[in-house]
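A closer look at the structure
Here is how the chains run, residue by residue.
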Amino acid sequence: MGASASIFSPVSVGKGLLLVVLPLLLQAGPGAAWVRIVDMALLYSMLAIGLNIVVGFAGLLDLGYIAFYATGAYLYALLDSMQFNLHWPLWATLPLSAALAGLFGLLLGAPTLRLRGDYLAIVTLGFGEIVRIFLNNLDTPFNLTNGPQGISLIDPIRLGNFTFSRPHHFAGLTLTGTQQYYYLFLATVIGMAWLATRLQHSRIGRAWAAIREDELAAAASGIAVRNYKLLAFSLGATCGGFAGALFAGFQGFVSPESFNLMESVMVLCMVVLGGMGNVNGVIFGAILLTVLPEALRMMGDWQLNHFGHIWIDPNDVRMLLFGGALILIMLYRPAGLLPSPAQRREWQKKLP
Amino acid sequence: MNTLLDIHQVSCRFGGVRALHDVSLTVNNNEIFGLIGPNGAGKTTLFNVITGLVTPTSGNVTLDGCSLTGLAVHDILRHGLARTFQNIRLFPGLSVLENVMIGRHSLGHTGIWGAISRNQRARREEADLRDTAHQLLQQVGIHHHTQTLARNLSYGDQRRLEIARALASEPKLLALDEPAAGMGQTERDALRELILSLRAQRHISILVIEHDVKWMMALCDRIAVLHFGERIALDIPERVRQHPDVIAAYLGSAS
Ligand SMILES: Nc1ncnc2c1ncn2[C@@H]1O[C@H](COP(=O)(O)OP(=O)(O)OP(=O)(O)O)[C@@H](O)[C@H]1O
Ligand SMILES: [Mg+2]
């Protein structure tokens, strides 16, 4: 592919520079709150990349994906907080969180292999809820998760002596904690996107695509369907667990309410809206769906400032807008806002 | 002559329907073997049994001395039995080239590490795979559409693509379920030439289901006739045509 040749083109260098200075611009312009919002957008991008492996690549509907995010977040919270007074190093916690989530992915995948479509969606939905309810109730018989209160005072992410939450000086610049997290998350998203793209354009990615297109024909073409489905489930879950651990360190606090069904639906919307199967598309979807609600919230503040009263409450219209947007997408761009190249080709063909 | 495929006393019931009853037949190495019979006679069911999609009520199947009974669908392909489907089953949203590349999945070795690192071995495998896929498309005559999505191919080309995908796994036995269905006369003749050339070049055996008896007579070395799940004849084409039971049961009912 021509990617390696074009990486030094003026346009990509420009984009790269923009990504580097973005947190500085945001801090100077709209304010620190927006750096935080972009950090969240990057965490959601990791989730979208992971869920896209399951839904976009292998074509398996998963409505409980947030459970893997929860797994990673809670494992980090347990291993790096005052809860048990453990403070494990990142190089141990992060892989463990990812691996545990990956294992959960296998556990969810194994019994659901024969299910398709709606049935699979219902079982995965149930799984997501079970994990959340467990987290909610594991304060008895012995206190593991602190129940609905969640775990607070989680250690920030530390690499060696570098604590991400503490401001640091670089070449005359002072970077805040949120800005430093931005660079960590950006690097992670780029890494995950790169891995996912490599997998997609390989023998493994083609096997997933075959299963997505026609499971029976895939088996008749020599693909061990079961193994490849499990692989998709566990790799997707691994991404979720990794992102969850980063989230726990970033936020300093986790509670079961952060991992409810709406969150799973949200990540699924990001994948569908952005363009199922296309890694860049789902990142776009994640950023869009993280930033838009915040922009809506600003609308509320703006009304308050100008009219002294909120006429349209953004929280009321948010879900309405999402629903409307999804319906429009399904009607006019069923392959998503940024479809994969193959789907784009097909759409161009259908136009006269 | 040595036997490649041995179907031994296979019976298959779906509830009250006796789709196959005590069917036995053998396909030899390098043979083109035809399977005919009226609608619902059990031809596709026999394909489903030998490729593992349907478990027979009794009987067993061996390919090149290995028992296929009870094996998973993908394992049967690995043993050397590839097929096409009566109601075409391609990967419609993938390109023609990708369809054929997937057909060769069983011969690949690239795992997660190879896919991510794209090490020399993985790159070579990928390059070889592309070359082979192009050659196969050339052989079946649709190499000018490699990037087209499978669903956008014409009906006849979709059937050819399905053959190319099945061939990609380098089977010992290629099973074609009504490959000429929906084709015009010229296309049918071309397809017959293609099947004959595949046998000649690849030294494989081919098992074909088709309703066009004349077309089959000119293609097959031997033909078996199924009727209500039973094998009522098995012989060289000229004798099958004159077989009284066949005339009564099959040709009679068809006309
Ligand atoms: N999966 C199944 N479940 C129930 N009945 C089946 C199934 N598959 C086939 N049958 C029945 O078995 C009988 C044989 O069907 P089969 O498809 O093998 O016939 P065929 O010879 O291929 O016919 P055609 O020429 O129409 O393709 C039919 O009565 C069919 O309805
Ligand atoms: Mg049939």
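Please refer to the structure higher up on the page.
Things to note about the pattern of salt bridges
Within this structure, the stated rule accounts for 19 salt bridges over all chains. The partner of A:Glu294 in a salt bridge is A:Arg297, with the nearest N and O atoms 2.9 Å apart. Taken together, the residues A:Glu294 and A:Arg297, both in helix H12 (residues 279-307) and 3 residues apart, mark about one turn of the helix. B:Arg104 is paired through a salt bridge with B:Glu170; the nearest N and O atoms lie 3.1 Å apart. With B:Arg104 in the loop between helix H3 (96-103) and helix H4 (112-117) and B:Glu170 in the loop between helix H6 (155-167) and strand S7 (173-177), this pair connects stretches of sequence that are 66 residues apart. Take B:Arg104: its relative accessible area is 17%, and that puts it in the buried class. Within the structure, one salt-bridge network assembled from shared partners comprises A:Glu129, A:Arg132 and A:Glu257.

Here we look at the coordination of the magnesium ion (ligand 2)
Four donors placed tetrahedrally about a metal ideally form angles of 109.5 degrees, and six donors placed octahedrally ideally form angles of 90 or 180 degrees. Residue and element names in this part refer to chain B. All of the protein donors around the magnesium ion (ligand 2) are Thr44 (OG1) and Gln86 (OE1); their distances to the metal are 1.9 to 2.1 Å. Of this pair, Thr44 sits in helix H1 (residues 43-50) while Gln86 sits in the loop between strand S6 (81-83) and H3; the two residues are 42 residues apart in sequence, bridging distant segments of the chain. Taking relative accessible area as the criterion, Gln86 reaches 34% and is therefore assigned partly exposed.

Some points on the packing of H3(B) against helix H5 (residues 120-140) of chain B
Geometry of a packed helix pair, given as the angle between the helix axes and the separation of the axes. Residues and elements named next belong to chain B. Between H3 and H5, whose axes approach to 9 Å, the crossing angle comes to 110°. As the angle between them shows, H3 and H5 are arranged roughly perpendicular. Crossing of H3 against H5: the hand is right-handed. For the pair H3 and H5, contact is made by Val96, Leu97, Val100 and Met101 and by Glu126, Leu129, Arg130, Ala133, His134, Leu136 and Leu137, respectively. Looking at the contact of H3 with H5 residue by residue, the class counts come to 8 nonpolar, 1 polar and 2 charged.

Notes on the packing of aromatic side chains
Residues and elements named next belong to chain A. A complete count under the given rule lists 15 aromatic pairs over all chains for this structure. On the numbers, 6.4 Å between centres and 35° between planes, the contact of Phe162 with Phe170 is tilted. Exposure remark for Phe162: the relative accessible area of 24% places this residue in the partly exposed category. Residue Phe170 is classed as partly exposed on the basis of its relative accessible area, which comes to 39%.

About the thresholds
Residues numbered from 1 in each chain as written. Chains lettered and ligands numbered in written order. Predicted model: local features only at pLDDT ≥ 70, side-chain atom pairs only at ≥ 80, totals over all residues. Heavy atoms only, no water. Salt bridge = Lys/Arg side-chain N within 4 Å of Asp/Glu carboxyl O. Helix = DSSP H or I, 4+ residues; strand = E, 2+ residues; numbered from the N terminus. Buried < 20%, exposed > 50% of the residue type's maximum accessible area, 1.4 Å probe, protein only. Donors = N, O, S within 2.8 Å, 3.2 Å for Na, K, Ca; no water. Axes fitted to C-alpha atoms, helices over the stretch in contact; angles between N-to-C directions. Parallel < 35°, antiparallel > 145°, perpendicular 65-115°, else oblique. Left-handed = near helix turned anticlockwise from the far one by under 90°. Contact = heavy atoms within 4.5 Å. Nonpolar A, V, L, I, M, F, W, Y, C, P; charged D, E, K, R; others polar. Phe/Tyr/Trp six-rings, centres within 6.5 Å; stacked < 30°, edge-to-face > 60°.

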